[in-house]
Amino acid sequence: IMWHKADGDIGSVANDTESMSIPDRWDTAAQLGVPSLEYEVVHEAVLVRRWPSLDAPPLEKFARGTHITAVEETFDGWVKLDGRRGWIIKDMRGKRGLNALLARVNTRMPVRLAVAHCVSRPGPLRFRVVFGPQVVVRSSPSKGSAVRAFHQKGAIVSGESQTYNGWVRLANAAGWMLSFDDKHGQLLQPCFEADDERRSPA
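Predicted model, so just to flag it, every value in this text is computed and none were measured.

Criteria and cut-off values
Residues numbered from 1 in each chain as written. Predicted model: local features only at pLDDT ≥ 70, side-chain atom pairs only at ≥ 80, totals over all residues. Heavy atoms only, no water. Helix = DSSP H or I, 4+ residues; strand = E, 2+ residues; numbered from the N terminus. Contact = heavy atoms within 4.5 Å. Salt bridge = Lys/Arg side-chain N within 4 Å of Asp/Glu carboxyl O. Buried < 20%, exposed > 50% of the residue type's maximum accessible area, 1.4 Å probe, protein only. Polar contact = N/O pair within 3.5 Å; in protein donor to acceptor, adjacent residues only side chain to side chain. pLDDT = per-residue confidence, 0-100. Lys, Arg positive; Asp, Glu negative; His and termini not counted. Pairing = 2+ DSSP bridges.

(A) Main features of the overall build of the protein. A tally of regular secondary structure across the protein gives two helices and 18 strands. Sequence-distant contacts, at least 24 apart, represent 65% of the contacts inside the protein between residues at least 6 apart.

Below you can see the structure in the form of structure tokens.
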């Protein structure tokens, strides 16, 4: 019972079994070469869950005031802990009467997200390639990493999560794609579902 009370998960909230396909990983920001983001727990307690779902088994619990470091996040607002197993939801967005569970510590740090607002649906999010003639898929979130594939302008790809400097981790371990480039502009555009138009700030 105490586990459920910690993050407001009293009963099933959504059918997000697609999130179970995200494998365990212990990537650090340093290993990936991406920036991390620091959060503070602002609720009485929050749960770290095995995958980004309120139905996922809990791994541990953090009390109010605890600082955590995130390396990436899903499009529906789950942050991946840096260098350790588990995910935490940032904001319950009214579910069970709860809202923000985490708050950013350094709000002045520049952050570039492929999707800056949380969508309502869990699981992968589709993106359309909007830069031509093509956008490269890389083995890691770095312009210097190995090329895996190319997707032509107009192609649809499936993203699993995003870094804080604009990289999208593709679903099914297919690689990484940059969503925005300082020289070329927008590379990927999210394809929101109809009910995701009512999305809330991340």
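(B) The arrangement of the pattern of salt bridges in detail. In this structure the tally under the stated criterion is eight salt bridges. When the shortest N-O distance is used, the salt bridge between Arg 25 and Glu 72 registers 3.6 Å. Of this pair, Arg 25 sits in the loop between α1 (2-7) and α2 (29-32) while Glu 72 is found in strand β4 (residues 67-73), placing the two residues 47 residues apart along the sequence. Glu 72 gets classed as buried once you look at its relative accessible area, which sits at 0%. A salt bridge links Glu 72 to Arg 169; its shortest N-O distance comes to 2.8 Å. A residue pair is termed long-range when its members are at least 10 positions apart, and Glu 72 in strand β4 and Arg 169 in strand β13 (residues 167-170) qualify at 97 residues. Residue Glu 72 shares its accessibility class with Arg 169, and that shared class is buried. Within this structure, Arg 25, Asp 27, Glu 72, Glu 160 and Arg 169 form a network of salt bridges that share partners.

(C) Spatial organisation of the environment of Glu 73. In this structure, Glu 73 sits in strand β4. It is 9.5 Å that separates the C-alpha atoms of Glu 73 and Lys 90, two residues lying 17 residues apart in sequence. At 2.9 Å, the side chain of Glu 73 and the side chain of Tyr 164 are in polar contact.

(D) Summary view of the confidence of the model for the protein. For the protein, mean pLDDT is 87; residues scoring 70 or higher make up 85% of the total. Note on residues 1-5: pLDDT under 50 across the span, and eight contacts to partners over four residues away in sequence or across chains. Note on residues 8-17: pLDDT is under 50 here. Beyond four places in sequence and across chains, it has 20 contacts.

(E) Quick peek at unusual backbone geometry. With an omega dihedral of 10°, the bond running from Gly 132 to Pro 133 counts as a cis peptide bond. Along the chain, the position of Pro 133 falls in the loop between β9 (125-129) and β10 (134-138). Although it is not a glycine, Asn 172 adopts a positive phi angle of roughly 60°. Although it is not a glycine, Ala 173 sits at a positive phi angle of roughly 55°. When you line up the elements, Ala 173 lands in the loop between β13 and β14 (176-178).

(F) Fine view of the side chain of Asp 76. Turning to its location among the elements, Asp 76 is positioned in the loop between β4 and β5 (78-81). Buried and without a salt bridge, Asp 76 has Arg 93 as its closest oppositely charged side chain, separated by 5.2 Å. One polar contact links Asp 76 to Thr 74, side chain to side chain, over a distance of 2.7 Å.

(G) How the structure looks around the pairing of strand β2 (residues 45-49). Counting buried residues in β2 gives five out of five residues, a clear majority hidden from the surface. Every second residue of β2 is oriented toward a common face, with Ala 45, Leu 47 and Arg 49 on one face and Val 46 and Val 48 on the other, all of them buried. Direction of pairing for β2 relative to strand β3 (residues 58-63): antiparallel, over a ladder of five bridges. From the neighbouring strand, Leu 47 faces β3, where its bridge partner is Lys 61.

(H) Quick look at the pairing of β5. Burial along β5 is two-sided: Trp 78 and Lys 80 and Val 79 and Leu 81, pointing in opposite directions, are all buried. With three bridges joining them, β4 and β5 adopt antiparallel strand pairing. Among the inter-strand pairings, Ala 70 is bridged to a residue of β5, identified as Leu 81. Bridge analysis of β5 against strand β6 (residues 87-89) gives three bridges, and the strand direction is antiparallel. Bridging from a neighbouring strand, Val 79 pairs with Ile 88 of β6.

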